[in-house]
Amino acid sequence: MKKMGQLYEGKAKKVFETDTKDVLIVEYKDDATAFNGLKKGTIVGKGVINNRMSNLLMQRLEKAGIPTHFIEEINDRETYVKKVSIVPLEVIIRNIAAGSFSKKYGVPEGTPFKAPTIEFSYKNDELGDPLINSYHAIAIDLATAEEIETIKKYAFKVNEELKAFWESCGVTLVDFKIEFGRLSDGSIVLADEISPDTCRLWDSKTGEKLDKDRFRRDLGGVEDAYAEVMKRLEEHI
Ligand code: ADP
Ligand code: UDP
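First, a word on what this report is: a plain description of the structure on this page. (Residues numbered from 1 in each chain as written. Chains lettered and ligands numbered in written order. Predicted model: local features only at pLDDT ≥ 70, side-chain atom pairs only at ≥ 80, totals over all residues. Heavy atoms only, no water.)

1. Overview of the site of ligand 1
Argument step 1. Neighbouring residues of ligand 1: 17 residues in total, closest Tyr 8, Lys 11, Ala 12, Lys 13 and Glu 179.
Argument step 2. In this structure, an oxygen atom belonging to ligand 1 sits 3.5 Å away from a side-chain N or O atom of Lys 123.
Argument step 3. One nitrogen or oxygen atom from the main chain of Asp 192 is found 3.2 Å from a nitrogen atom belonging to ligand 1.
Argument step 4. Protein burial of ligand 1: of its 550 Å² of free accessible surface, 88% is covered by the chains.
Argument step 5. Every element with two or more residues in the shell around ligand 1 is listed here: strand 2 (13-18) and strand 7 (78-82).
Argument step 6. Within the shell around ligand 1, the residues separate by chemical class into eight nonpolar, two polar and seven charged. (Near = heavy atom within 4 Å. Polar contact = N/O pair within 3.5 Å; in protein donor to acceptor, adjacent residues only side chain to side chain. Areas by Shrake-Rupley, 256 points an atom, 1.4 Å probe, with all protein chains shown as cover. Helix = DSSP H or I, 4+ residues; strand = E, 2+ residues; numbered from the N terminus. Nonpolar A, V, L, I, M, F, W, Y, C, P; charged D, E, K, R; others polar.)

Right under this line is the structure:
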């Protein structure tokens, strides 16, 4: 399949058309942003790690019965994916309090939850990705009630699979963001990426942060953290 025109350049990836209908190429960059693009930087080697990690995890999720956009890895930074129409909701699952949840509700970072939580943000950079509930999302036609039910079911299943997998690597899955899309037949699949950019991953023993919070919070050792978490994944996948 031949790489054709660029459809979109986002903050972390570029998306290209191919000469095959409904197949796209995503290209992972080393660019890093935080706080809705306010903080910008580069994490050397991030694109290679995120491409590989996302592909390995999506293949694992497929085997567990969750449909994904993954088709085939092309090289270090590029992957064939099924073209979807993205449901403009960032789906966030949490197992342990951190980040915006800790701030908003005054729950100290690291407090485990009695049960995993789900929330949605409206994927809209101009508005700063505001929190939105499912009634609002249905009301303004971001998704149907049926799609929301499917998304919730898949998202919790993704959490169960990933939590168990990361635990086997000595890594605690604190929270993560995923996106879903519609294939041309209308069915819902997991899309976008799963990586240290989109998950909070803490070393199970030491609590050390092995994810993008090292960049967001200027903790240093960003590249080393991405490499460490990738190494653990490759040893256990
Ligand atoms: P952002 O748009 O937030 O800057 P990225 O740099 O990751 O994010 O850009 C990738 C874009 O591609 C995102 O908007 C994402 O929703 C979209 N996308 C991810 N997977 C697919 C897919 N399979 N088909 C179409 N679009 C996709
Ligand atoms: N997240 C993401 N993209 C976003 C916002 C959040 O991938 O635009 C991920 C983030 O990495 C974390 C989870 O979603 O794993 C929950 O993030 P939170 O709401 O705590 O926001 P943050 O503190 O990152 O602003």
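Now, onward.
2. Observations concerning the site of ligand 2
Argument step 1. Among the 14 residues in the neighbourhood of ligand 2, the closest are listed as Arg 94, Ser 100, Asp 175, Arg 200 and Arg 216.
Argument step 2. Arg 94 is positioned such that a nitrogen or oxygen atom in its side chain is 2.7 Å from an oxygen atom of ligand 2.
Argument step 3. Within the side chain of Arg 200, a nitrogen or oxygen atom sits 2.9 Å from an oxygen atom of ligand 2.
Argument step 4. A total of 500 Å² of accessible area belongs to ligand 2 in isolation, and the protein chains cover 76% of it.
Argument step 5. Listed by contribution, the elements that provide at least two residues to the shell around ligand 2 are strand 9 (89-96), helix 2 (99-105), strand 12 (171-182) and strand 14 (199-203).

3. Some remarks on the pairing of strand 2
Argument step 1. Pairing of strand 1 (residues 3-9) with strand 2, which is carried by four bridges, proceeds in the antiparallel orientation. Directly across from Tyr 8, in strand 2, lies its bridge partner Val 15.
Argument step 2. The antiparallel hairpin formed by strand 2 and strand 3 (residues 23-28) contains four residues in its connecting segment, where Asp 22 sits at a positive phi of about 65°. (Pairing = 2+ DSSP bridges.)

4. Considerations on the packing of helix 1 (residues 46-63) against helix 4 (residues 145-168)
Argument step 1. Contact geometry of helix 1 with helix 4 gives a least axis separation of 10 Å together with a crossing angle of 120°. Judged by the sense of rotation from one axis to the other, the crossing of helix 1 with helix 4 is right-handed. Where helix 1 abuts helix 4, its residues Met 53, Leu 57, Arg 60 and Leu 61 lie against Val 158, Glu 161, Leu 162, Phe 165 and Trp 166.
Argument step 2. Class assignment of the residues belonging to the contact of helix 1 with helix 4 gives a composition of seven nonpolar, no polar and two charged. (Axes fitted to C-alpha atoms, helices over the stretch in contact; angles between N-to-C directions. Left-handed = near helix turned anticlockwise from the far one by under 90°. Contact = heavy atoms within 4.5 Å.)

5. A look at the nonpolar core
Argument step 1. Residues Leu 89, Trp 166, Ile 178, Phe 180, Leu 190 and Ile 194 are the most contacted members of the largest nonpolar core, which totals 48 residues.
Argument step 2. Top element by residues in this core is helix 4. It accounts for eight residues.
Argument step 3. In this structure, Leu 89 is in contact with Phe 120, Ser 121, Tyr 122, Lys 123, Ile 132, Ala 137, Leu 142, Ala 143, Ile 148, Ile 178 and Glu 179, ignoring residues within four places of it in sequence.
Argument step 4. With five residues, the next largest nonpolar core counts Val 15, Leu 24, Tyr 28 and Val 81 among its residues. (Core = buried A, V, L, I, M, F, W, Y, C linked by side-chain atoms within 4.5 Å. Buried < 20%, exposed > 50% of the residue type's maximum accessible area, 1.4 Å probe, protein only.)

6. Describing the environment of Trp 166
Argument step 1. With respect to the helices and strands, the residue Trp 166 is situated in helix 4.
Argument step 2. Under the relative-accessibility criterion, Trp 166 is labelled buried at 0%.
Argument step 3. Separated by 63 residues in sequence, Trp 166 and Val 229 place their C-alpha atoms 9.5 Å apart.
Argument step 4. Residue contacts for Trp 166: discarding those within four places in its chain leaves Met 53, Leu 57, Val 171, Leu 173, Leu 201, Val 229 and Leu 233.

7. Re the sheet that holds strand 7
Through backbone hydrogen bonds, the strands of a sheet pair up, either in parallel or in antiparallel fashion.
Argument step 1. Across the sheet, five strands lie side by side as 1-2-3-7-6; this open sheet has antiparallel pairing. Edge positions in the open sheet fall to strand 1 and strand 6 (70-73), since each of these has one partner strand only. Along the sheet, successive strands turn relative to each other by an average axial angle of 30°, direction set aside.
Argument step 2. Note: strand 2 against strand 3, five bridges, orientation antiparallel. Bridging across to strand 3, Val 15 finds its partner in Val 26.
Argument step 3. Those strands touched by helix 1 are strand 3, strand 6 and strand 7, and its axis lies near 130° from that of strand 6.

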